[in-house]
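Given next are the chains, with one letter for each unit.
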Amino acid sequence: MRHATNQDGLLRTSVTGSEECALLSLDGRLTIDSSPRLRERILAMLSGAGLAKLTLDLSKVPHMDCAGIATLLEMLKISRSCQTRLQLTGLHDRPRYLLEVTGLLSLFESCAPATSGSA
């Protein structure tokens, strides 16, 4: 397992998992100001060989704007071309609503949020 953290003051990210399956946890606002660094981070992960699944944990992302959505869409397109599954988990009400109202939520694979203490 690896663990790396990146902080840019707007959106903090941390990575856990293996070379084949990674969890990228986001903490903060996904906006026009924080999207470029997130994009760079995900592109670097996708460019590595062998990543079969990337899960984005958005449980600590209370706000997302159109730039954040655009970044997620671009990463979805790139992940598909790399044959990497991209999953979203932990969507809050507002970001979920934004993806639903734009008709984009159905494009993303989603999974239940990870719970601690599960057997």
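In short, a report on the structure. (Residues numbered from 1 in each chain as written. Predicted model: local features only at pLDDT ≥ 70, side-chain atom pairs only at ≥ 80, totals over all residues. Heavy atoms only, no water.)

## Some words on the side chain of Gln87
Link 1 in the chain: Position of Gln87 among the secondary structure elements: in strand E5 (residues 85–89).
Link 2 in the chain: Classification of Gln87 as buried rests on a relative accessible area of 6%. (Helix = DSSP H or I, 4+ residues; strand = E, 2+ residues; numbered from the N terminus. Buried < 20%, exposed > 50% of the residue type's maximum accessible area, 1.4 Å probe, protein only.)

## Some words on the pattern of salt bridges
Link 1 in the chain: A complete count under the given rule lists three salt bridges for this structure.
Link 2 in the chain: Here Asp27 and Arg12 are joined by a salt bridge, their closest N and O atoms 3.4 Å apart. Here Asp27 is found in strand E3 (residues 21–28), whereas its partner Arg12 is found in strand E2 (residues 11–17), with 15 residues between them in sequence.
Link 3 in the chain: Arg12 gets classed as partly exposed once you look at its relative accessible area, which sits at 32%.
Link 4 in the chain: Taking the shortest distance from any N to any O, the salt bridge between Arg85 and Glu109 comes out at 2.4 Å. Taken together, the residues span a long stretch of sequence, with Arg85 in strand E5 and Glu109 in strand E6 (residues 109–110) at a distance of 24 residues.
Link 5 in the chain: Of the residues examined, Glu109 reaches a relative accessible area of 30% and is grouped as partly exposed. (Salt bridge = Lys/Arg side-chain N within 4 Å of Asp/Glu carboxyl O.)

## Regarding the pairing of strand E4 (residues 53–60)
Link 1 in the chain: Strand direction decides the pairing type here: E3 and E4, joined by six bridges, are parallel. By the bridge assignment, Cys21 is partnered in E4 with Lys53.
Link 2 in the chain: For the crossover that starts at E3, traverses helix H1 (residues 35–47) and ends in the parallel E4, the hand is right-handed.
Link 3 in the chain: Of the pairings in the sheet, the one linking E4 to E5 comprises five bridges and is parallel in character. Pairing of Asp57 across the sheet is with Thr89, part of E5.
Link 4 in the chain: Read as a crossover between parallel neighbours, the route from E4 over helix H2 (residues 66–81) to E5 is right-handed. (Pairing = 2+ DSSP bridges. Right-handed = clockwise from strand over helix to strand, strands pointing away.)

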